[in-house]
Each structure stands twice: as C-alpha cells, then as structure tokens.
Amino acid sequence: MLYSMPADTASPPLLRLSGVDKSFGAQQVLHNIELDVHAGEVVVLLGASGSGKSTLIRCVNRLEAVDSGEVLLDGVPLPLEGRELARMRTQVGMVFQSFNLFGHKTVLENITLAPTRVKFLPKDGARERAQLLLARVGLADKANAYPAQLSGGQQQRVAIARALAMDPRILLFDEPTSALDPEMTNEVLDVMSELAADGMTMVVVTHEMGFASRAADRVVFLDAGRIVEIAPPQEFFAAPRTERARDFLSKILTH
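Position numbers for residues start from 1 in each chain and track the written sequence from start to end. It should be noted that, the model being predicted, local features are given only for residues of pLDDT at least 70 and side-chain atom pairs only at 80 or more, the latter also being counted only at that level, while totals for whole chains, interfaces and linings use all residues. Calculation of side-chain values draws on the structure's entire complement of heavy atoms; hydrogens and water are dropped beforehand.

Undergrad: Would you mind showing me how to read the nonpolar core here?
TA: Generally speaking, a soluble globular protein has its nonpolar side chains buried in company with each other. What is meant by a nonpolar core is a set of buried Ala, Val, Leu, Ile, Met, Phe, Trp, Tyr and Cys residues, joined one to another through side-chain atoms within 4.5 Å. Buried, partly exposed and exposed residues are distinguished by accessible area as a fraction of the type maximum, computed with a 1.4 Å probe on protein chains only: under 20%, between the cut-offs, and over 50%, respectively. Judged by nonpolar contacts, the single largest core of 50 residues is most densely connected at Leu-46, Ile-160, Phe-173, Met-192, Leu-195, Met-202 and Phe-236. It only takes one pair of heavy atoms within 4.5 Å for two residues to be counted as in contact. Setting aside residues up to four positions removed in sequence, Phe-236 forms contacts with Leu-46, Val-219, Phe-221, Glu-229, Ala-231, Ala-245 and Leu-249.

Undergrad: So what exactly am I meant to see when it comes to the packing of aromatic side chains here?
TA: The geometry of an aromatic ring pair is captured by the separation of the ring centres together with the interplanar angle, meaning the angle of the planes. Two rings from Phe, Tyr or Trp (for Trp, the six-membered ring) form a pair when their centres sit within 6.5 Å of each other. Planes less than 30 degrees apart are called stacked, planes more than 60 degrees apart edge-to-face, and all others tilted. All told, the structure shown has 3 aromatic pairs when counted by the stated rule. Seen from their ring centres, Phe-221 and Phe-236 are 5.9 Å apart, and the 35° between their planes marks the pair as tilted. Highlighted residues: Phe-221 in strand E9 (residues 218–223) and Phe-236 in helix H8 (residues 233–238), separated in sequence by 15 residues. This pair shows no difference in class: Phe-221 is buried, exactly as Phe-236 is. Strands are runs of DSSP state E lasting at least two residues, helices are runs of H or I lasting at least four, and both sets are numbered from the N terminus onward.

Undergrad: Please clarify how the packing of helix H5 (residues 152–164) against helix H6 (residues 182–197) should be interpreted in this entry.
TA: In a pair of packed helices, the angle between the axes and the distance between the axes together describe the arrangement. Here, axes are lines fitted to C-alpha atoms. For helices the fit covers the stretch in contact, and angles between N-to-C directions go from 0 to 180 degrees. Where H5 contacts H6, the two axes come as close as 7 Å, and the packing angle between them is 25°. Relative to H6, H5 is oriented roughly parallel. Here the hand of the crossing between H5 and H6 comes out right-handed. On the side of H5, the interface is formed by Gly-152, Gly-153, Gln-154, Gln-156, Arg-157, Ile-160 and Leu-164, while H6 contributes Met-184, Glu-187, Val-188, Val-191, Met-192 and Leu-195. Polar here means any residue other than Ala, Val, Leu, Ile, Met, Phe, Trp, Tyr, Cys and Pro, which are nonpolar, and Asp, Glu, Lys and Arg, which are charged; Gly is therefore polar. Broken down by class, the residue content of the contact of H5 with H6 amounts to 7 nonpolar, 4 polar and 2 charged. Oblique is the label for any angle not covered by the other classes, which are roughly parallel (under 35 degrees), roughly antiparallel (over 145) and roughly perpendicular (65 to 115). Each crossing is labelled by how the near helix is turned from the far one, with a counterclockwise turn of less than a right angle marking it left-handed and a clockwise turn marking it right-handed.

Undergrad: I'm lost on unusual backbone geometry in this one. Help?
TA: Peptide bonds are, in most cases, trans, and in most cases residues other than glycine have a negative phi. The phi angle at Phe-120 is positive, at roughly 60°, despite the residue not being glycine. Structurally, the position occupied by Phe-120 is in the loop between helix H3 (107–117) and helix H4 (123–136). Judged by its relative accessible area of 68%, Phe-120 is exposed. In this model, Asp-167 sits at a positive phi of 55°, which is unusual for a non-glycine residue.

Undergrad: What is the right way to look at the sheet that holds strand E6 (residues 92–95) in this model?
TA: Strand-to-strand pairing in sheets goes through backbone hydrogen bonds, with the strands running parallel or antiparallel. Only strands that DSSP links by at least two bridges are regarded as paired with each other. Ordered in space as E6-E7-E8-E3-E9-E10, the 6 strands form an open sheet in which the pairing is mixed. Only two strands of the sheet have a single partner each, and these edge strands are E6 and strand E10 (226–231). With direction set aside, neighbouring strand axes in the sheet form an average angle of 20°. Here 4 bridges tie E6 to strand E7 (residues 170–174), and the two strands are oriented parallel to one another. The partner of Val-92 across the bridge, within E7, is Ile-170. Strands E6 and E7 of the sheet are contacted by H5, whose axis makes an angle of about 170° with E6. The strands touched by helix H9 (residues 243–252) are strand E3 (42–46), E9 and E10; relative to E9, the strand with the most contacts, the crossing angle is about 100°.

Nothing here speaks to function; it is geometry throughout.
The structure is reproduced here in structure tokens:
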C-alpha cells in the first residue's frame, strides 16, 4: 500500500476508518481499510467497478455494518444502533446515485423534512435555510416544484441542498453523477467544486477524473477491496506508483 499523506495532519482526523473489514456472505469486499480524513479535506475514491468504493462509503454512516474494525467520527466510534447513531448520522450527509427525493413533496418540503423532524428546527427557520441553500445550488426558483418537474441534474442539486440542510460536518457522495448526461453532470460537479472550495469535508466516489484532479486533496485508489495507493491527484494522475493504478488509468483516460 503506497501513501502520500496530506500536508496538515497535526490535528486529529474528523473521520477515521481503522482496520475495517466487510463481507457479504462468503465474499469479503473490504480488507483492513485504514483511512483518515481531516476537516476541510476532499478525498476521492477511485477504482474499477466492484473494488469496494461504494461499500466503503456506506460503512461510514453505517448503511452497512462493518464486520471488524472501527469507524470514528471526531474520535468517537460510530454507535451500533439507537438514538446515538441517529444523532451522529445527522453530522454525516449523503448524496446517492439515485436522488431519493420524495415525489409527492415539493422541493422545499423535501429539504425541510429532516431538519424539522430530526433536529426539531422551527418550520419558518427551516424554510428560510432551505431557500438559501436552493440559491446556493442555483435553484432558487424551484422551491415549489415537484421532483418529476425537474431534470436529473436539478434533482441531484436538490439532494445536495437537502444534505446541506442538516449542517453536516462531512458530506459523502456515492457516484452522484453516474445517472446523468454530460450537461447535467457538469451542473452537479460545479456545485460540488464550489462546496470543496468553501472548505466542506467531502468523501466522493466518482468516475469523473476531471473533478478528481481539480477538486480532490487526495485520491484513494482501491482494488479488490484494498487501498493500494493514496496520493495527491497531481501525483496520482501523472505518475501512479502501482501497476494496478497504471492499468486502471490507461483504460479510463483513453476512452
């Protein structure tokens, strides 16, 4: 496993995965994952399909339970279940490949639902915050629209606003543009790049190499459930140090 550590590691990591293993039945999909993510850092997970990227990110907020090892948020192990797990999940926003919006609710209602139900924010305050977030993702005029009236890129930007409405300390993205055409992809990546520039801590699973090279602080390359290389994007894309990474990039960057 080859590492290039970020420059500022003086403070404890916001997120730490320590010795994480995960299997589905007889198939082990994560092997002894060791990864620290510091506040304000953007980490992009790359690898071929089936390399374990999405499983890793789902273990961070316990959508998948680990078999062994620990996931720690700000030094505190992720609880197994119950109210404490729910509380910690409010600090970890997630944006999925499918938008997962409630079709029978307006954009504004989708964004205000969790803050009012989970964090018990006053409705007026939640609406005001939602309007600000919609403006931030370029959809200030869509508050009263329903998801079916929006393009895929617009729906995904609503999903980002919904995640931000909980004021998370870290945002997870699981292939957020894989269901979108190129124009819609760029709409979503622009919002993600702005969040990165604003200092949002992000862990991103993506096949968008341009975003990875532009926005990431570090690239984490997985193969067969193992982290085999970690490096700044400039180093990773210019001179990957493992044969597996070189082979992956030769296929991705020539198509």
